[in-house]
Amino acid sequence: MHCTKKITDDLIWVGANDRRLAMFEGVYSVPEGVSYNSYLLLDEKTVLFDTVDKAVKSRLMENLEYGLNGRTLDYLIVQHMEPDHSSAIGEMLDKFPKMQVVCNAKTLAFIKQFHDFEIDSRTMVVKEGDVLSTGRHNLTFLMAPMVHWPEVMITYDTTDKILFSADAFGSFGALNGAIFADEVDFERDYMDEARRYYTNIVGKYGDQTQAVLKKASAHEIKLLCPLHGFVWRTDMKVFIEKYKIWSSYGYEEEGVMIAYASIYGNTENAAEILACKLRDKGIKTTMFDVSVTPASEIVSAAFKWSHMAIASATYNNGIFVTMEAFLHDLQAHNIKNRTVAIIENGSWAPTSGGLIRKIFEKCSNIKFIDNILTVKSSVKEDQLAEIEAMACAIANDMGK
Ligand code: FEO
């Protein structure tokens, strides 16, 4: 049975939610599910903005049939060719023989890479600034390369001032009956997932995101329609401001994100003592065991907080495996502009600290709290002063 949501008098959400997906993109857990948004515009011509993932394709087809109410589909705008939004292109071509696929040249190449059906004769290739008039609505296409794929474009409806923003301004989390962000307590219940979505999916491409924000700022936006998560019709400034912070690698909160990898609890003990000493100085802390918490959550926290303390056991003469994996993930997401304190542990040859520093040296504008604190097997009484000194150095760095 169809399950759609009205957005405006002539715009309908015809997407679907997936709460069974274990790992989005095969790597990010989505315990709250995920929505794949697809929008149907009912003008003199009918337009579908993107399709959905193959797991929920049948729901899209039901929703679309209901939304069209006997009409045909004239245009399918493909803003992004990642398969979570493009699985139903073939079905659309078969079901609507006169439908045109509207996309840019790079998208067309990607469609041919992913699929074998004939597409050239069914395609309207557009470029930056081109306008598609569908009757009352005029749709302008704006390229958004590398946010987060090279072919991404977004679409601005100059008539109703709607920005169809592709993956930008998306969020993990199924919609659970609501469609607008103002129907839920987004800040309380969804912002963490929105940050985890941005930082892990788009985070590497901050400069490109900034370019899109600049492009979008030239337009009045009354509705913001992303491909995942809620539609924004009020207070979108709050979310846009978050995007400005995240994409410029600024921080939301002053405080220390402590991540540790501990084999028998002794490295954890050093990290806990540091956390206590920081709290004693009125500094906010958050802590993660990298062997327990998924890396995507810790990457997201690294983007949120101003400082990091990384504590790791030495293992096979290197960084402990789960920490090494996390740090490479963090570096791949282009983290920058942070202050980092390092604690290493090793019973006979502690080497993890220097190796951790080397990974961060590949990132831009990373400042180190001077001395790597070395634990040999377990923290001893006389090392408490060293940990206190590290806490003081972090406090000094914050100007406290
Ligand atoms: Fe939601 Fe980049 O696809």
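These notes cover the structure that comes with them.

Procedures and definitions
- Residues numbered from 1 in each chain as written.
- Predicted model: local features only at pLDDT ≥ 70, side-chain atom pairs only at ≥ 80, totals over all residues.
- Heavy atoms only, no water.
- 1 Å grid on protein atoms, 1.4 Å probe; cavity = no way out; pocket = protein on both sides within 12 Å on 5 of 7 lines; lining within 4 Å.
- Points joined across faces, edges and corners; volume = space filled by probe spheres on them.
- Helix = DSSP H or I, 4+ residues; strand = E, 2+ residues; numbered from the N terminus.
- Nonpolar A, V, L, I, M, F, W, Y, C, P; charged D, E, K, R; others polar.
- Pairing = 2+ DSSP bridges.
- Axes fitted to C-alpha atoms, helices over the stretch in contact; angles between N-to-C directions.
- Phe/Tyr/Trp six-rings, centres within 6.5 Å; stacked < 30°, edge-to-face > 60°.
- Lys NZ or Arg CZ within 6 Å of the ring centre and 35° of its normal.
- Expected span 1.5 Å × (residues − 1).
- Contact = heavy atoms within 4.5 Å.

1. Some details on the layout of surface pockets
Of the pockets and cavities examined, the largest pocket occupies roughly 310 Å³. As for the largest pocket, its lining consists of 17 residues, of which Ile263, Thr314, Gly346, Ser347 and Trp348 are closest to the centre. Counting residues per element, the ones that place at least two in the lining of the largest pocket are helix H9 (266–280) and strand S19 (305–315). The residue makeup of the lining of the largest pocket, split by class, is six nonpolar, 11 polar and no charged.

2. Comments concerning the sheet that holds strand S10 (residues 100–103)
One open sheet accounts for seven strands, arranged S1-S2-S7-S8-S9-S10-S11; its pairing is mixed. For this open sheet the edge positions go to strand S1 (5–8) and strand S11 (123–125), each flanked by a neighbour on one side alone. Averaged over all pairs of adjacent strands, the angle between strand axes in this sheet comes to 25 degrees, irrespective of strand direction. The pairing of S10 with S11 spans three bridges and is classified as parallel. Opposite Val101, over in S11, you have Thr123 as the bridge partner.

3. A few points about the packing of aromatic side chains
All chains considered together, the criterion is met by 22 aromatic pairs. Ring centres 6.3 Å apart and planes at 15 degrees place the aromatic pair Phe114 and Trp149 in the stacked group. One end of the pair, Phe114, is in helix H4 (residues 105–114); the other, Trp149, is in the loop between strand S13 (138–143) and strand S14 (153–157), with 35 residues separating them in the sequence. Between Phe186 and Tyr190, the ring centres sit 6.0 Å apart and the planes meet at 20 degrees, which makes this aromatic pair stacked. Among the aromatic residues, ring-to-ring pairing joins Phe169, Phe186, Tyr190, Tyr198, Phe230, Trp232, Phe239, Tyr243 and Trp246 into one connected group. Above the ring of Phe180, the side-chain terminus of Arg233 is found at 3.8 Å from the ring centroid. Taking NZ or CZ as reference, Arg357 lies 4.1 Å from the ring centre of Phe368, over its face.

4. A word on helix H1 (residues 57–68)
The terminal C-alpha atoms of H1, which comprises 12 residues, lie 16 Å apart, in line with the 16 Å expected from a rise of 1.5 Å per residue. Looking at the packing, one finds that the buried side of H1 touches strand S2 (11–13), strand S7 (39–42), strand S8 (46–49) and helix H3 (89–95). Directly after H1, the chain includes Asn69, whose backbone phi takes a positive value near 50 degrees.

5. Describing the sheet that holds strand S15 (residues 162–164)
In space, the five strands of this open sheet follow the order S12-S13-S14-S15-S16, with mixed pairing throughout. Looking at the sheet topology across the chains shown, the edges are occupied by strand S12 (131–133) and strand S16 (223–225). With direction set aside, neighbouring strand axes in the sheet form an average angle of 20 degrees. Relative to S13, S12 is paired through three bridges, and the arrangement is antiparallel. The residue of S13 that forms the bridge with Ser133 is Asn138.

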